[in-house]
Every structure is written in structure tokens, then in C-alpha cells.
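Descriptive analysis of the structure
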Amino acid sequence: MEYFVGIDLGTSSVRAVAVGVSGQTVAAGQCEYDIKKPELDRAEQDMNQLWESTVLAIRQMLDEKPGIKDQIGGIGFSGQMHGLVMVDQDIRPIGNAIIWADQRTGEQISHIYETVPEEEFGRVFENRLSAGFLLPSLVWVREKQPQSYEKIYKVMLPKDYIRYKICGELGTDASDASSTGMWDMKNRTWAYGILEKLGIPKDLLVESHESYEKAGQVTEECAGLTGLKKGTFVAYGGGDSLMMELGNGMIRGGLMASTIGTACHLTCALDAPLFDPKLRTNTWCHGGEHLWSIMGAHLSGGVALKWLKNNILGAESFDAMTALAQEVTAGSEGLLFLPYLNGERTPHNDPNAKAVYLGMTLRHDKRHMIRSTMEGIVYSMKESYAIFRSLGIKGDRIIAAGGGAKSPLFRQIQADMYDCPIYTNQGKEQASIGAAMTAAVGSGYFKDYEEACGQMVHLSPEVTEPIPENVKLYEEEFLRFKEIYFANKALF
């Protein structure tokens with residue numbers, strides 16, 4: 001029996017998952033960590049800590065199924081996107097990684113657009129720059145911490161550093177690199193012309209390849225630390241949202257994924273780099289040469305429920321919260337939640353946006369707060385769904401993914417708000433399965449993603465259908481929800 005490993009470097013934890021060639025999870029390890037917030041608008045992580053956590057997760061996986069290391073045919077990666085990792089000549093991290101949730105770079109984005117006008121930038125990158133992207137974070141370091149900038153040998157994304165520690169080779173892949181703000185989307189390469197205008201030396205960049213291509217093999221040092229077999233094939237892997245799409249079988253148009261994790265996003269696979277002319281959404285390269293993806297990104301997903309649980313209610317568990325929310329009817333009796341706890345990307349791209357509960361009365365209690373928080377998360381994603389429809393994207397099925405897929409109530413809210421049946425995968429490790437798939441294709445076990453998805457992706461027979469009266473109510477309430485941001489923008 002041959003297995004492939006997907007290492008999913010998330011924002012709050014890293015998971016190492018051994019996947020069989022039919023898509024079943026046979027062993028897994030996980031290690032959690034936190035975001036460092038030295039200031040309110042900052043979000044950083046210690047890459048040394050993330051590497052130590054990765055080692056622990058791999059060892060846990062191997063301990064769960066002893067002897068598996070000799071049957072591992074390859075390793076792939078899924079990683080949190082956008083973040084900046086800087087290393088020196090010895091490939092040691094320079095300070096903490098500045099990750100996707102960071103909001104410090106509004107001024108630097110303005111400076112970039114003063115040099116390269118937004119319209120010109122958008123024609124190449126096919127996205128609007130956002131705080132937390134690698135490029136503005138790098139410009140911030142150049143302006144605010146020149147002593148650190150001078151030490152930089154290479155810049156990369158978080159999962160690229162972890163992969164380097166495993167195979168000893170520097171590099172990145174098109175899917176993750178396309179999220180940096182430094183990318184030519186149509187040509188699937190670094191945007192050298194823009195970078196030259198911005199004074200960013202091309203020598204700082206690592207080579208970019210496709211997700212399934214060979215990055216190297218497990219080194220002797222890594223084998224000693226993790227228990228992996230020296231010489232095991234290592235693929236480049238990709239950004240987490242794209243690996244999630246692979247794990248959901250999304251390699252052709254017509255399939256959407258509604259992913260609720262720490263953050264959340266709505267995505268759809270494309271065979272051409274379609275993008276929103278108003279640059280409200282994101283377009284990324286997907287896991288292979290002729291694949292792209294369009295995404296609506298929302299910065300507060302499960303983190304909003306975690307905030308409510310820990311900071312406000314002191315609730316016992318998420319299951320207990322969901323049980324309370326189920327006691328409340330759809331619409332939370334008029335209570336609306338704008339979930340912008342960490343700014344927002346789609347559709348407003350506003351790092352200053354704040355969260356709001358609107359319509360609270362003496363009748364409302366914690367049950368309503370919980371349900372309205374869940375509804376606010378999906379209302380936010382519905383804004384992306386509306387943009388997709390305006391671009392002519394008509395997904396014939398939506399697959400729920402991430403932690404939100406585990407909740408029947410979250411699935412029902414999504415079905416009702418999208419007015420579309422919601423499917424789930426039998427496997428619960430879509431990002432890790434997608435990452436493992438890159439290794440399975442790259443090592444030659446499968447000839448392409450089509451064959452890999454046919455073997456490794458299996459939809460659950462359970463389908464969540466929309467409830468007509470809820471669909472109507474949510475359509476009406478969605479009109480109110482959209483006004484909350486604009487009515488409060490000046491106050492933010």
C-alpha cells in the first residue's frame with residue numbers, strides 16, 4: 001500500500017496527514033500555535049516555532065501508524081497564503097513572519113500605487129493589493145526596518161520555509177506566489193516589470209514552479225528530526241485555498257467551495273484567469289499550468305465564533321454554542337452581525353472596517369448573538385457569491401469545506417443564503433488531501449489531477465437543501481446587512 005502525505009500549515013495549527021491513494025486518511029498529527037499581536041494592527045508568527053510544530057505533527061502522524069514511513073511515496077504542502085518570510089544568507093528567518101492577517105500596511109499600499117498606478121497594477125496582478133500581502137509587507141520592512149531589509153537574502157511564503165527545512169531547496173509554486181502582489185497572473189511568473197519600478201531586486205525572489213513539480217527530497221537531517229525516510233519525494237504544494245479546491249475535486253468550472261475556517265472564502269475553479277474589473281475579488285493560479293481560481297476572501301470566519309466563545313460568552317464549547325443557536329429562528333429575530341473583527345477584503349478591501357451588532361433589543365440573548373454571528377459570516381460570503389454571479393459564474397454545486405462543513409447549522413445557513421444545495425466530502429481533510437495529491441501526481445503515481453481526483457475525492461451522499469421560507473427571509477435581510485458597512489464607514 002502506498003501513501004502520500006499532505007502537510008497543511010494553517011494559521012492556528014499545522015497538520016500532517018497520511019492519505020491513501022483512494023483518499024482515505026490513515027494517520028494524522030497536529031500541533032497548535034498562536035498569532036503574535038505585538039500591536040493591534042499586527043499579526044506575526046515565529047517560523048522556528050512553526051517548524052518545531054511541524055516536526056511534532058509529523059512524528060505524531062508516524063507514531064499513529066508505525067512503519068508507514070517506508071510506504072510514503074511523496075509529500076506535498078498546503079500553506080496559509082500571502083505572508084512574508086525573510087531569510088538571511090544562512091537561510092535563517094529575519095524576525096517573525098508577517099502573515100495574511102496583518103493590517104499595518106495601508107500607507108505602503110498607497111506608496112506602491114503612487115509609483116505604479118492601481119489600474120496598471122491590476123492589469124498585471126489581476127487583484128487589488130491588500131494589507132497582509134507579501135509585497136506591501138516587504139515595502140513596510142524597507143521603510144520602517146531598513147536594518148532588517150538589508151539582511152534579506154530571499155523572501156518566501158510560510159509553507160515555503162517549512163518545505164525548505166524538509167528538502168533543503170528554496171522555491172515556491174505559482175498558486176502561492178500568485179497571492180503575494182508580485183505576480184503576473186496570465187503568464188504565471190513574477191511581475192518583474194512592476195518590481196523593477198518599485199525597486200525590489202529580483203534577486204530576492206525564489207524560483208517558482210507548479211504545485212505538483214518536484215521540489216527535492218527529504219534530507220538526512222530532516223529524516224533524523226521527523227522520522228521520515230531520507231530521499232522521499234517532495235512536491236512544491238500550494239496555497240491553502242487552492243489545495244482545498246484540489247481536495248474537493250475542483251479542477252474544472254462549475255464547482256464552488258464555501259470554506260469556513262479561521263478566515264473564510266468562496267472559490268471557483270477556472271480554465272482562464274477571469275477577474276472582477278472592480279478588483280473586489282481575488283484571482284489566483286491553481287495547482288497546474290492551465291488552471292486558475294477566483295476567490296472572495298473574508299477575514300473573519302471561525303475566528304469570530306472563537307472570539308465570541310472566549311472573549312464574550314465564556315462558552316464551554318462550539319458544540320454547546322451551536323446547540324443554543326439552533327433554538328433561534330433564521331434571521332436571529334432581526335439581529336445582524338457585521339463580522340469585520342479584523343478588517344475586511346471582499347468586497348470593501350478596508351483594513352479599518354470594524355464589527356457591528358445591529359438591531360439588539362431586550363428580547364435578544366446569547367442564543368441570538370451566536371446565531372447572528374454565524375449568519376453574519378455567511379452574509380459576508382454571500383457578497384462574494386453575488387459578485388461571481390455578476391461575472392457569469394454559475395456554479396452548479398457548492399461544496400462546504402473547512403470547520404464550517406462539520407456543522408449542520410452552518411451548512412443549512414449556507415444552503416439558505418446561497419439558495420443552492422450544499423454538498424460535503426466524505427473526507428474531512430480537503431487541504432491535506434489536495435496537498436497529498438500534488439505529490440501523488442508529481443511522483444507519477446497518477447498521470448494528472450483528473451485521475452487523482454477520480455480516485456481520492458468522494459462526495460458524501462448527504463445533501464443540505466435550501467428551505468424556501470429561509471431563502472426569502474435571508475434575501476430581505478441581506479439588503480439590510482449590505483447597508484451596515486456603508487452607514488458606519490466614516491465612524492470606522
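Above this note sits the structure.
Heads up: these notes are all about the structure in this document. It should be emphasised that the depicted structure is a prediction, and the values quoted were computed from it without experimental measurement. (Residues numbered from 1 in each chain as written. Predicted model: local features only at pLDDT ≥ 70, side-chain atom pairs only at ≥ 80, totals over all residues. Heavy atoms only, no water.)

1. Digging into the side chain of Asp8
Stated precisely, the cut-off is as follows: Elements are defined by DSSP. Helices are runs of H or I of four residues or more, strands are runs of E of two residues or more, and each kind is numbered from the N terminus. Buried, partly exposed and exposed residues are distinguished by accessible area as a fraction of the type maximum, computed with a 1.4 Å probe on protein chains only: under 20%, between the cut-offs, and over 50%, respectively. In this count, Lys and Arg are taken as positive residues and Asp and Glu as negative ones, while His and the chain termini are left out. Between Lys or Arg on one side and Asp or Glu on the other, a salt bridge is scored when a side-chain nitrogen of the former is within 4 Å of a carboxyl oxygen of the latter. Between N or O atoms, a polar contact is any pair within 3.5 Å; within protein, one atom must be a potential hydrogen donor and the other a potential acceptor, and residues adjacent in sequence are included only when both atoms are from side chains. We call two residues in contact when some of their heavy atoms are within 4.5 Å.
Take Asp8: it is sitting in strand E1 (residues 3–9). No salt bridge is formed by the buried Asp8. Its closest oppositely charged neighbour is Arg15, at 6.3 Å. Of note is the side chain of Asp8, whose polar atom sits 3.1 Å from the side chain of Ser78. When sequence neighbours within four positions are dropped, the list of residues in contact with Asp8 reads Ser13, Val14, Arg15, Ser78, Asp240, Ala431 and Ser432.

2. Considerations on helix H14 (residues 408–418)
For H14, the tally of buried residues reaches nine of 11 residues, placing the bulk of the element in the interior. Along H14, the positions that sit buried rather than exposed are Leu409, Phe410, Arg411, Ile413, Gln414, Ala415, Asp416, Met417 and Tyr418. One or two residues past the end of H14 sits Asp419, with phi positive at roughly 50°.

3. Some thoughts on helix H15 (residues 430–442)
Where we set the bar: Multiply 1.5 Å by the residue count of a helix minus one, and that product is the helix's expected span.
In a regular helix each residue adds 1.5 Å, so 13 residues correspond to 18 Å; H15 covers 18 Å between its end C-alpha atoms and thus fits that length. If you check which residues of H15 are buried, you get Gln430, Ala431, Ser432, Ile433, Gly434, Ala435, Ala436, Met437, Thr438, Ala439, Ala440 and Val441. Phi turns positive one or two residues past the end of H15, at Gly444, with a value near 95°.

4. Structural notes on the sheet that holds strand E16 (residues 255–260)
Heads up, the condition is: Pairing between two strands requires that DSSP report at least two bridges joining them. Working convention: axes come from line fits to C-alpha atoms, limited for helices to the stretch in contact. Angles between N-to-C directions cover 0 to 180 degrees.
Spatially, six strands are ordered E18-E19-E17-E16-E22-E23 in an open sheet, and the strand pairing comes out mixed. With one partner strand each, in any of the chains shown, strand E18 (282–285) and strand E23 (422–423) form the two edges of the open sheet. Judged from the four bridges that link them, E18 and strand E19 (residues 292–298) form a sheet pairing that is antiparallel. Looking at E19, one finds that Thr283 is bridged to Ile294. Packing of helix H10 (residues 240–247) onto the sheet brings it into contact with E16, strand E17 (264–270), E18, E19 and strand E22 (397–401), and relative to E17 it is tilted by some 60°.

5. Quick notes on the side chain of Thr281
On the secondary structure map, Thr281 appears in the loop between E17 and E18. According to the relative accessible area criterion, Thr281 is buried, its value standing at 2%.

6. With respect to the environment of Val141
If you trace the backbone, Val141 turns up in helix H4 (residues 134–144). A relative accessible area of 0% means that Val141 is categorised as buried. When near neighbours in sequence (up to four residues on either side) are disregarded, Val141 contacts Leu84, Met86, Ile98, Pro146, Ser148 and Tyr149.

7. Notes on the packing of aromatic side chains
For the record, the criterion: In this scheme Phe, Tyr and Trp rings, the latter by its six-membered ring, pair at centre separations within 6.5 Å, and the angle between planes marks the pair as stacked below 30 degrees, edge-to-face above 60, and tilted otherwise. To sit over a ring, a charge needs its Lys NZ or Arg CZ within 6 Å of the ring centre and within 35 degrees of the ring normal.
Going through the model one piece at a time under the given rule, you end up with 19 aromatic pairs. Where Phe125 meets Trp284, the ring centres are 6.4 Å apart and the plane angle is 50°; that geometry is what we call tilted. With Phe125 in helix H3 (residues 118–125) and Trp284 in strand E18, this residue pair connects regions lying 159 residues apart in the sequence. By relative accessible area, which is 1% here, Phe125 ends up buried. Pairing Tyr485 with Phe492 gives two aromatic rings, centres 6.1 Å apart and planes at 40°, and the pair type is tilted. Ring pairs connect the aromatic residues Tyr113, Phe121, Phe125, Phe133 and Trp284, which therefore count as one cluster. Stacked on the ring of Tyr423, the Lys or Arg Arg397 has its end atom at 4.8 Å from the ring centre.

8. Considering the pairing of strand E3 (residues 25–32)
Where strand E2 (residues 13–20) and E3 come together, seven bridges link them in antiparallel fashion. Bridge pairing in E3 places Val17 opposite Ala28. In sequence, E2 turns back onto E3 through a hairpin of four residues, with Gly23 there showing a positive phi of about 95°.

9. Section: the pattern of salt bridges
Inspection of every chain in the model, using the stated rule, returns 26 salt bridges. The residue Arg42 makes a salt bridge to Asp41 at a minimum N-O spacing of 3.8 Å. Lys186 serves as the salt-bridge partner of Glu126, at 2.7 Å between the closest nitrogen and oxygen. Of this pair, Glu126 sits in the loop between H3 and H4 while Lys186 sits in the loop between strand E10 (183–184) and strand E11 (189–190), placing them 60 residues apart in sequence. Where salt bridges share partners, they join Lys159, Asp160, Arg163, Asp173 and Asp176 into one cluster.

10. Points about the environment of Gly171
Relative to the helices and strands, Gly171 resides in the loop between helix H6 (158–167) and strand E9 (172–173). For Gly171, a relative accessible area of 2% corresponds to the buried category. C-alpha separation for the pair Gly171 and Pro93, spaced 78 residues apart in sequence, amounts to 15 Å. Setting aside residues up to four positions removed in sequence, Gly171 forms contacts with Asp160, Arg163, Val206, Glu207 and Tyr236.

11. Brief notes about the state of the cysteines
By definition, a disulfide links two cysteine residues through a covalent bond between their sulfur atoms. Spelled out, the test is: Only a pair of cysteine sulfur atoms within 2.5 Å counts as a disulfide in this structure description.
With the rule as written, the count across this model stands at zero disulfides. Residue Cys167 stays outside any disulfide, its sulfur separated by 8.8 Å from that of Cys222, the closest cysteine. Overall, Cys167 belongs to the buried group, its relative accessible area being 5%. A disulfide-free cysteine, Cys285 has its sulfur positioned 16 Å from the sulfur of Cys268, the nearest such atom. Taking the relative accessible area as the measure of exposure, Cys285 reaches 0% and is therefore buried.

12. Notes on unusual backbone geometry
A cis amide bond, omega 0°, links Thr346 with the succeeding residue Pro347. For Pro347, the location among the structural elements is in the loop between strand E20 (336–338) and strand E21 (356–358).

13. Description of the packing of helix H1 (residues 47–64) against H6
Cut-off, in case you're wondering: These descriptions rest on fixed angle ranges, namely under 35 degrees for roughly parallel, over 145 for roughly antiparallel, 65 to 115 for roughly perpendicular, and the rest for oblique. Crossings are sorted by hand: turned counterclockwise from the far helix by less than a right angle, the near helix makes the crossing left-handed, and turned clockwise it makes it right-handed.
Direction vectors running N to C along H1 and H6 enclose 60°, while the axes themselves pass 10 Å from each other. Put simply, H1 runs oblique to H6. Note on packing geometry: the crossing formed by H1 with H6 is right-handed. Together, Met47, Asn48, Leu50, Trp51, Thr54 and Ile58 of H1 and Pro158, Tyr161, Ile162, Lys165 and Ile166 of H6 make up the contact between the two elements.

14. Side note on the packing of H14 against helix H17 (residues 468–488)
In plain terms, the rule: Basically, the charged four are Asp, Glu, Lys and Arg, the nonpolar ten are Ala, Val, Leu, Ile, Met, Phe, Trp, Tyr, Cys and Pro, and anything else, Gly included, counts as polar.
Running from N to C, H14 and H17 cross one another at 70°; their axes reach a closest spacing of 7 Å. For the element pair H14 / H17, the angle class is roughly perpendicular. Only Asn470, Val471, Tyr474 and Glu475 of H17 make contact with H14, whose side of the interface consists of Ile413, Asp416 and Met417. When grouped by side-chain class, the residues that make up the contact of H14 with H17 number four nonpolar, one polar and two charged.

Interpretation note: all reported values are geometric properties and have no functional meaning in isolation.
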